Amino acid sequence: QVQLVESGGGLVQAGGSLRLSCAGSGRTFSTYAMGWFRQAPGKEREFVAVISWNGGRTNYADSVKGRFAISRDNARNKVYMQMNSLEPEDTAVYYCAENPTPYVSGTTPKDYAYWGQGTQVTVSS
């Protein structure tokens, strides 16, 4: 059974930064690509970023390119997302998810098999 637990969310002013963490457990964490998604109130869950099994490749949504950076530490079974220059439009619940392949390939929720419970990020103007 895969378990994913996000942390690091909070309230920040526009222009500020946050670092989200996702701790994985249950099986061979380092085998699979990992993604971050977000969901704002009244909106569908949307892709933010994905990282390959070994961290060698990444992919980002256009809305966060140049501001967010995804990384992973397989020795600690963790995935991170550094979020800089935050904007009010970034306000959402952020979820990490496991892609059942090693590669950077999935950008829709249906491409991911396991999900964390989410962490709230609120950016004030």
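What comes next concerns the included structure. Predicted model, so just to flag it, every value in this text is computed and none were measured.

## Here's the deal with the overall build of the protein chain
Across its full length, the protein chain holds 0 helices and 11 strands. Each helix and strand of the protein chain, placed in order from N terminus to C terminus, yields the pattern β-β-β-β-β-β-β-β-β-β-β. Taken over the C-alpha trace, the protein chain has a radius of gyration of 13 Å; the compact-globule value for 125 residues is 14 Å, and the two agree within 12%. For the protein chain, the spread of C-alpha atoms along the three principal axes comes to 40 × 25 × 25 Å. Of all 125 residues assigned to the protein chain, the portion counted as buried reaches 42%.

## Re the side chain of glutamate 98
Turning to its location among the elements, glutamate 98 is positioned in strand E9 (residues 92-98). For glutamate 98, the contacting residues outside a window of four places in its chain are Val2, Leu4, Arg27, Tyr32, Ala33, Met34, Tyr112, Ala113 and Tyr114.

## Quick word on the packing of aromatic side chains
The full count for this structure, using the stated rule, is 5 aromatic pairs. Taken together, Phe37, Phe47, Tyr95, Tyr112 and Trp115 form an aromatic cluster joined through their ring pairs.

## Describing the pairing of strand E7 (residues 68-73)
Burial of E7 is one-sided: the residues Phe68, Ile70 and Arg72 facing one way are buried, the residues Ala69, Ser71 and Asp73 facing the other way are not. Hairpin connection from E7 to strand E8 (residues 78-83): 4 residues lie between these consecutive antiparallel strands, with asparagine 77 at a positive phi of about 55 degrees.

## Considerations on the sheet that holds strand E3 (residues 18-25)
Reading across the sheet, the 4 strands line up as E1-E3-E8-E7 and stay open at both edges, with antiparallel pairing between neighbours. Since the sheet does not close on itself, it has two edges, and those belong to strand E1 (3-7) and E7, each with one partner. Across the sheet, the mean angle separating the axes of adjacent strands is 15 degrees when strand polarity is ignored. Where E1 lies against E3, 5 bridges are found, and the strand directions are antiparallel. Counted as the bridge partner of glutamate 6 is cysteine 22 from E3.

## Observations regarding unusual backbone geometry
The phi dihedral of asparagine 77 falls on the positive side, at around 55 degrees, and the residue is not glycine. Relative to the helices and strands, asparagine 77 resides in the loop between E7 and E8. Its identity as a non-glycine residue notwithstanding, serine 85 has a phi of 50 degrees, on the positive side. Relative to the assigned elements, serine 85 resides in the loop between E8 and E9.

## Looking at the pattern of salt bridges
One pass over the structure, following the stated rule, counts 7 salt bridges. Where aspartate 111 meets lysine 110, a salt bridge forms, and the shortest distance between an N and an O atom there is 3.7 Å. Linked by salt bridges that have partners in common, Arg38, Glu46, Arg67, Glu87 and Asp90 make up one network.

## Observations concerning the pairing of E9
Counting buried residues along E9, 6 of its 7 residues qualify, which places the element largely inside the surrounding structure. Pairing of strand E4 (residues 34-39) with E9 involves 6 bridges; the strand directions are antiparallel. Along E9, the bridge assignment pairs tryptophan 36 with cysteine 96. Relative to strand E11 (residues 119-124), E9 runs antiparallel, the two being bridged by 3 bridges. Bridged to tyrosine 94 within E11 is threonine 119. Sheet topology places E9 next to strand E10 (residues 114-115); 2 bridges connect them, and they run antiparallel. Paired with alanine 97 across the bridge in E10 is tryptophan 115.

Analysis parameters
- Residues numbered from 1 in each chain as written.
- Predicted model: local features only at pLDDT ≥ 70, side-chain atom pairs only at ≥ 80, totals over all residues.
- Heavy atoms only, no water.
- Helix = DSSP H or I, 4+ residues; strand = E, 2+ residues; numbered from the N terminus.
- Rg over C-alpha atoms; globule rule 2.2 N^0.38 Å.
- Buried < 20%, exposed > 50% of the residue type's maximum accessible area, 1.4 Å probe, protein only.
- Contact = heavy atoms within 4.5 Å.
- Phe/Tyr/Trp six-rings, centres within 6.5 Å; stacked < 30°, edge-to-face > 60°.
- Pairing = 2+ DSSP bridges.
- Axes fitted to C-alpha atoms, helices over the stretch in contact; angles between N-to-C directions.
- Salt bridge = Lys/Arg side-chain N within 4 Å of Asp/Glu carboxyl O.

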